[in-house]
Amino acid sequence: MKVCHTEAMKLIKEYEEQKRNLILTENRDSIISYKETEKKISNNYNYENIRKEIQQLDEKIRKIKTILAIANCSVKIDEFNITIGEALVMLAQLQNEKNQIEFLASRTQLARRITPNGVLEYTECNYDVKKAEEDCIKLRSKIASLQIAIDRANLTNFVEM
């Protein structure tokens, strides 16, 4: 069965949700409480069956993640001439850079204040704040383009399951 990368990622999420629900059920049903005068009521919890179901889901998740990892190392994003894997790393790097530049762009080029002892103090940026603002706008645009390119590649490239 062939599916696009996005479908494979959604399948992983579904399996992870099934696993999470199994663990929640196990946490709830793996013990019972009763009073000494009451009859113990079974809830049909079976340790071995739950472990087996979780292992089967983990195997499915590993298989799909491995298929996607291989695809991410070989599928190119034409607009950037890099693989999906490289694009994901680049996206994280650009996000970090954007955060720093946004911080720098939020400053005032020249500020002044009066210190507690009445002296006028100036604080001046050693860079052009307007340039940082411009760079931030360009960076946001590049990030958006890269995200769209990754999404497009994930929707238009298929893997065999």
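Above: the structure in question.
In short, a report on the structure. (Residues numbered from 1 in each chain as written. Predicted model: local features only at pLDDT ≥ 70, side-chain atom pairs only at ≥ 80, totals over all residues. Heavy atoms only, no water.)

## Regarding the pattern of salt bridges
Using the following cut-off: For this analysis, a salt bridge means a side-chain nitrogen from Lys or Arg found within 4 Å of a carboxyl oxygen belonging to Asp or Glu. Where helices and strands are cited, they refer to DSSP runs of H or I of at least four residues and of E of at least two residues respectively, numbered from the N terminus. Accessible area is worked out with a 1.4 Å probe on protein chains only. A residue is then buried under 20% of its type maximum, exposed over 50%, and partly exposed in between.
The final tally for this structure, using the stated rule, is ten salt bridges. Among the ionic pairs, Asp58 bridges to Lys19, the shortest N-O distance being 2.7 Å. One end of the pair, Asp58, is in helix α2 (residues 47–74); the other, Lys19, is in helix α1 (residues 5–29), and 39 residues separate them in sequence. In this structure Asp58 comes out as partly exposed when scored by relative accessible area, which is 22%.

## With respect to the environment of Ser141
Structurally, Ser141 can be placed in helix α4 (residues 129–156). The class of Ser141 is partly exposed, set by a relative accessible area of 43%. Residues Ser141 and Ile70, 71 residues apart in the sequence, show an inter-C-alpha distance of 29 Å.

## A word on the packing of helix α3 (residues 84–105) against α4
Where we set the bar: Here the axes come from fitting lines to C-alpha atoms, over the contacting stretch only for helices, and the angles between their N-to-C directions go from 0 to 180 degrees. By the definition adopted for this analysis, an angle is roughly parallel if under 35 degrees, roughly antiparallel if over 145, roughly perpendicular if from 65 to 115, and oblique otherwise. Should the near helix be turned counterclockwise from the far one by less than a right angle, the crossing is left-handed, whereas a clockwise turn marks it as right-handed.
Close contact between α3 and α4 brings their axes to 9 Å; oriented N to C, the two are set at 155 degrees. The angle between the axes of α3 and α4 places the two elements in the roughly antiparallel class. Pair α3 / α4 crosses with left-handed handedness.

## Focus on a nonpolar patch on the surface
Let me state the cut-off plainly: Patch members must show over 30% relative accessible area and no salt bridge, and they are joined within 9 Å when carrying like charges or within 5 Å when they are nonpolar side chains of Val, Leu, Ile, Met, Phe, Trp or Tyr. Only the protein chains shown count as covering a residue, and every accessible area follows the Shrake-Rupley method with a 1.4 Å probe.
Taken together, the side chains of Leu110, Ile114, Leu120 and Tyr122 define a hydrophobic patch exposed on the protein surface, amounting to about 430 Å² of accessible area. Elements supplying a minimum of two residues to the nonpolar patch: β4 (110–114) and β5 (120–124). Position of Ile114 relative to the elements: it lies in strand β4. Overall, the relative accessible area of 60% leaves Ile114 in the exposed class.

## Describing the nonpolar core
Applied cut-off: Definition of nonpolar core: a set of buried residues of the types Ala, Val, Leu, Ile, Met, Phe, Trp, Tyr and Cys, connected through side-chain atoms within 4.5 Å.
Residues Ile77 and Leu146 are the most contacted members of the largest nonpolar core, which totals 32 residues. Looking at this core, the elements with two or more residues in it are α1, α2, α3 and α4.

## Some words on the environment of Lys19
Our working rule: In this analysis, two residues are considered to be in contact whenever any of their non-hydrogen atoms come within 4.5 Å of each other.
With relative accessibility at 24%, the residue Lys19 sits in the partly exposed group. As a C-alpha pair, Lys19 and Leu57 span 38 residues in sequence and 6.7 Å in three-dimensional space. Residue contacts for Lys19: discarding those within four places in its chain leaves Ile54, Leu57 and Asp58.

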